[in-house]
Amino acid sequence: MDNKMCILSSVDARYSQNILTIKNIKIKVYKIDLDSGVKGVDGVIRTRNDIELYYINWFYDDINQRLQQLLDEMNGGTTFALPEFILLTEKIKKNLKTLLISSPFSHLRLIRKWNQVMSIWKNDPQINPHIKEFCETLFKKFNYKGFRRGNLNRLAVMLNVKTCLYCNQQYTLSFGTFETDPALLNLGKSTAFLQFDHFFDKSTYPFLSMCLYNLIPSCGICNQKKSKSGYDISLHPYISGLSEKIRFLIKDTNAMTNPHFKNNDHLNIEIDTGGDPNVSAIVGDLNLELRYSRHLDIVRELECAKYVERYYSDLEDWLASRMHIEGSCDYSRRSALQRYLRGYRDECEINDEPLTKFRRDIANQL
């Protein structure tokens with residue numbers, strides 16, 4: 001037992017050190033640009049510091065108290081009252097404040113350490129029978145299910161993510177207004193029609209179940225279909241975003257003009273993943289090709305919009321020549337027309353409405 005304790009202490013020491021150095025990592029945010037400020041549903045613009053401060057203020061004390069309860073229970077002689085479990089819980093509690101706002105990269109490193117510890121424990125006949133009960137109890141103490149019914153709705157109102165960060169197919173709307181001093185970041189009544197996906201599975205890694213940057217606003221379909229085995233960190237929505245990695249395509253564009261194809265039966269949508277097996281894995285798990293195959297009517301609409309846009313362009317050129325206007329057409333006016341006809345927005349607005357990524361890719365192909 002002494003040898004095992006030395007190993008665990010060594011692992012835990014590195015585990016603690018990783019948590020303490022989290023603040024030195026700068027997170028590149030693609031979907032939710034906290035560094036530039038995020039305008040919440042209530043109209044208030046918040047910085048990364050604002051949101052992290054809110055998160056600590058709302059969740060730290062409660063979770064810290066629950067972890068202390070867990071320590072008291074183990075010290076009182078629960079069925080899993082083992083020195084190894086007590087030591088790990090103490091480390092988590094000691095670094096809880098930093099852990100709650102730790103980055104995805106830090107999560108990845110902590111997971112490696114956690115897996116090392118679990119590997120040691122699973123080979124120990126005295127510890128192994130109690131691992132499941134300990135992990136389930138630890139998850140309960142972080143109280144994700146309890147927070148999800150209330151306080152996490154306020155986070156959704158602050159982030160104001162309007163569509164699923166994985167599929168861009170479903171709305172993820174939230175509603176709420178201030179009832180107290182905005183400086184307190186204390187949102188009043190709020191509700192959110194979305195689910196929070198845990199990029200790193202909460203049952204496998206219960207200590208990450210309430211970490212701010214492990215909670216991804218998503219639709220119920222993606223949350224349920226996403227694999228618990230995990231994905232490459234490059235696919236984390238706070239780092240790059242899936243929409244950057246894929247491109248929607250019409251498999252056979254001849255099906256658009258072939259007179260023998262009078263309906264959508266011969267139109268097929270495929271997703272170009274750039275040959276990246278990590279991207280292919282999540283696209284397959286989320287069943288995106290099948291889900292987007294139901295939007296062939298949009299493909300037809302975009303085809304019609306192409307001709308309307310061309311007519312407008314020709315007419316504008318004719319008017320310019322008749323009025324002796326030199327130079328190119330008004331770019332902002334042309335962009336606005338494309339926005340209305342094609343139904344997609346600028347890159348930074350892709351997640352404002354469902355299907356905008358799909359519309360942009362198909363329109364570009366046509």
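Rules used in this analysis
Starting from 1, residues in each chain are numbered consecutively following that chain's sequence as written. Given that the model is predicted, a residue must reach a pLDDT of at least 70 before its local features are reported, and side-chain atom pairs must reach 80 or more before they are shown or counted; all residues, however, enter totals for whole chains, interfaces and linings. Where side-chain values are given, they derive from all heavy atoms of the structure, hydrogens and water being excluded. Strands are runs of DSSP state E lasting at least two residues, helices are runs of H or I lasting at least four, and both sets are numbered from the N terminus onward. Relative accessibility under 20% of the residue-type maximum defines a buried residue, over 50% an exposed one, and the middle range a partly exposed one, all with a 1.4 Å probe and only protein chains included. Any two strands between which DSSP finds at least two bridges are classified as paired. Simply put, an axis is a line fit to the C-alpha atoms, just over the touching stretch for a helix, and the angle between two N-to-C directions goes from 0 to 180 degrees. A contact between two residues is defined here by any heavy atoms of the two lying within 4.5 Å. Polar here means any residue other than Ala, Val, Leu, Ile, Met, Phe, Trp, Tyr, Cys and Pro, which are nonpolar, and Asp, Glu, Lys and Arg, which are charged; Gly is therefore polar. Throughout, nonpolar core names a set of buried Ala, Val, Leu, Ile, Met, Phe, Trp, Tyr and Cys residues whose side chains join them through atoms within 4.5 Å. Working rule for angles: under 35 degrees goes down as roughly parallel, over 145 as roughly antiparallel, 65 to 115 as roughly perpendicular, anything else as oblique. Should the near helix be turned anticlockwise from the far one by less than a right angle, the crossing is left-handed, and should it be turned clockwise, the crossing is right-handed. What counts as a ring pair is set by centres within 6.5 Å for rings of Phe, Tyr and Trp (its six-membered ring), and what kind of pair is set by the plane angle: stacked under 30 degrees, edge-to-face over 60, tilted for all other angles. In the sections that follow, a salt bridge refers to a side-chain nitrogen of Lys or Arg positioned within 4 Å of a carboxyl oxygen of Asp or Glu.

### Points about unusual backbone geometry
With phi around 60°, Asn287 is a residue other than glycine that occupies positive phi space. With respect to the element layout, Asn287 can be found in the loop between helix H10 (277-285) and helix H11 (288-292). Classification of Asn287 as partly exposed rests on a relative accessible area of 30%. Its identity is not glycine, yet Leu355 carries a phi of approximately 70°, on the positive side.

### Quick look at helix H14 (residues 356-365)
The buried fraction of H14 amounts to 8 of the 10 residues, a majority that puts the element mostly inside the structure. All of the buried residues in H14 are Thr356, Lys357, Phe358, Arg359, Arg360, Asp361, Ile362 and Ala363.

### Remarks on the pairing of strand E6 (residues 215-218)
Neither face of E6 is left uncovered, since the one carrying Leu215 and Pro217 and the one carrying Ile216 and Ser218 both have all their residues buried. Judged from the 4 bridges that link them, strand E5 (residues 195-198) and E6 form a sheet pairing that is antiparallel. Within E6, the position partnered with Asp197 by the bridge is Ile216.

### Observations regarding the packing of helix H5 (residues 104-122) against helix H6 (residues 131-142)
Interhelical geometry of H5 versus H6 gives an angle of 145° and a closest axis separation of 11 Å. In contact with Trp114, Met118, Trp121 and Lys122 of H5, H6 contributes Ile131, Phe134, Cys135 and Leu138. A breakdown of the residues in the contact of H5 with H6 according to their chemical character gives 7 nonpolar, no polar and 1 charged.

### A few points about the nonpolar core
In terms of nonpolar packing, the biggest core is built from 90 residues, with Tyr55, Phe142, Leu152 and Met210 touching the most fellow members. In terms of residues, this core owes the most to one element, helix H2 (residues 48-75), which gives 11 residues. With residues near it in sequence (within four places) discarded, Tyr55 still touches Tyr60, Leu100, Leu152, Leu155, Met210, Cys211, Leu212 and Leu215.

### Overview of the packing of helix H3 (residues 83-94) against H6
Between H3 and H6, whose axes approach to 12 Å, the crossing angle comes to 25°. Relative to H6, the element H3 is oriented roughly parallel. The two elements H3 and H6 cross, and the hand of that crossing is right-handed. Packed against H3, whose contacting residues are Phe85, Leu88, Thr89 and Ile92, the element H6 presents Ile131, Phe134, Leu138 and Phe142 at the interface. Per-class residue counts for the contact of H3 with H6 are 7 nonpolar, 1 polar and no charged.

### A word on the packing of aromatic side chains
All chains considered together, the criterion is met by 16 aromatic pairs. When the centroid spacing of 4.6 Å and the interplanar angle of 55° are considered together, the rings of Tyr55 and Phe59 count as tilted. A residue pair is termed a helical-turn pair when its members lie 3 or 4 positions apart in one helix, as Tyr55 and Phe59 do in helix H2 at 4 residues. Accessibility expressed as a relative area gives 0% for Tyr55, which makes it buried. By relative accessible area, Phe59 is classed as buried at 0%.

### Observations concerning the pattern of salt bridges
Tallied over the entire structure, the rule returns 9 salt bridges. The residue Arg66 makes a salt bridge to Asp62 at a minimum N-O spacing of 2.7 Å. Highlighted residues: Arg66 and Asp62, both in helix H2, separated by 4 residues, approximately one helical turn. Arg66 sits in the partly exposed class, given a relative accessible area of 25%.

Purely geometric numbers; function is a separate question.
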